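# Working through the structure, step by step
The lines below spell out each chain.
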Amino acid sequence: MKNSRRQFMILSAAGACTLALNGKVQAQAMVAETDPQAAALGYKANATTVDKAKYAKYAAGQECDNCALFQGKAGAAAGGCALFAGKQVAGKGWCSAYAKKA
Ligand code: SF4
């Protein structure tokens, strides 16, 4: 009985380590422009391709990497976004929820 409990604890610890490593090694997937939420927000991985007729609020220079919701570093090629949990947006991307970083 003691042995099986000990084995369980060891296996659980090993499993937890594997999960932690997987999370670090695997890069988060990029948000696809075709993702329903991304499409609804007019997200483009390249801000210069934003439909300016549809999104008149877009102004040149607005990019994910200078948006308040961007979780990566300024100038980063990609980073998290508060609107897309578990995925990354392009640093040069844009969506209609853009809010200039203070
Ligand atoms: S909210 Fe900001 S960081 Fe997120 S996709 Fe839109 S512009 Fe990019």
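Quick look at the structure, then. What you see is a predicted model, and the numbers here were worked out from it, not measured in a lab. (Residues numbered from 1 in each chain as written. Predicted model: local features only at pLDDT ≥ 70, side-chain atom pairs only at ≥ 80, totals over all residues.)

### A word on the overall build of the protein chain
Definition in use: Only DSSP runs of H or I with at least four residues qualify as helices, and only runs of E with at least two residues qualify as strands; both kinds are numbered from the N terminus onward. Partly exposed residues are those whose C-beta has more than 12 but fewer than 20 other C-beta atoms within 10 Å; 20 or more makes a residue buried and 12 or fewer makes it exposed, with C-beta atoms placed from the backbone. For the purpose of contact definition, each residue receives a C-beta atom placed from its backbone, and two residues are in contact when these atoms lie within 7 Å.
Counting secondary structure elements, the protein chain contains 2 helices and 2 strands. Shown N-terminal to C-terminal, the secondary structure of the protein chain runs as helices and strands in the order α-α-β-β. In the protein chain, which comprises 102 residues, the proportion classed as buried is 23%. The long-range fraction of contacts in the protein chain, counting pairs at least 24 apart against all pairs at least 6 apart in sequence, stands at 53%.

### Quick look at the site of the ligand
The cut-off we apply is this: In this entry, near means the residue's backbone-placed C-beta atom lies within 6 Å of the molecule or strand. All amino acids are sorted into three groups, where Ala, Val, Leu, Ile, Met, Phe, Trp, Tyr, Cys and Pro are nonpolar, Asp, Glu, Lys and Arg are charged, and the leftover types, Gly among them, are polar.
Among the 13 residues in the neighbourhood of the ligand, the closest are listed as Cys64, Cys67, Cys81, Cys95 and Tyr98. Of the residues belonging to the shell around the ligand, the class tally is 12 nonpolar, 1 polar and no charged.

### Let's talk about the pairing of strand 1 (residues 78-81)
Heads up, the condition is: Here the rule is simple: two strands pair whenever DSSP picks up at least two bridges between them.
Two strands pair when backbone bridges link them, and strand 1 and strand 2 (residues 84-90) are joined in this way by 4 bridges, in the antiparallel orientation. The residue bridging Gly80 from the neighbouring strand is Gln88, located in strand 2. Between the antiparallel neighbours strand 1 and strand 2 lie 2 residues.

### Quick look at the nonpolar core
Rule in force here: A set of buried Ala, Val, Leu, Ile, Met, Phe, Trp, Tyr and Cys residues, joined to one another through C-beta atoms within 7 Å, is what we call a nonpolar core.
Val31, Cys64, Cys81, Val89, Trp94 and Cys95 are the most contacted members of the largest nonpolar core, which totals 16 residues. Looking at this core, the elements that each hand over two or more residues are strand 1 and strand 2. Considering each element in turn, this core owes the most residues, 3 residues, to strand 2. Residues contacting Val89, with those up to four places away along its chain left out, are Val31, Cys64, Ala78, Gly79, Cys81 and Phe84.

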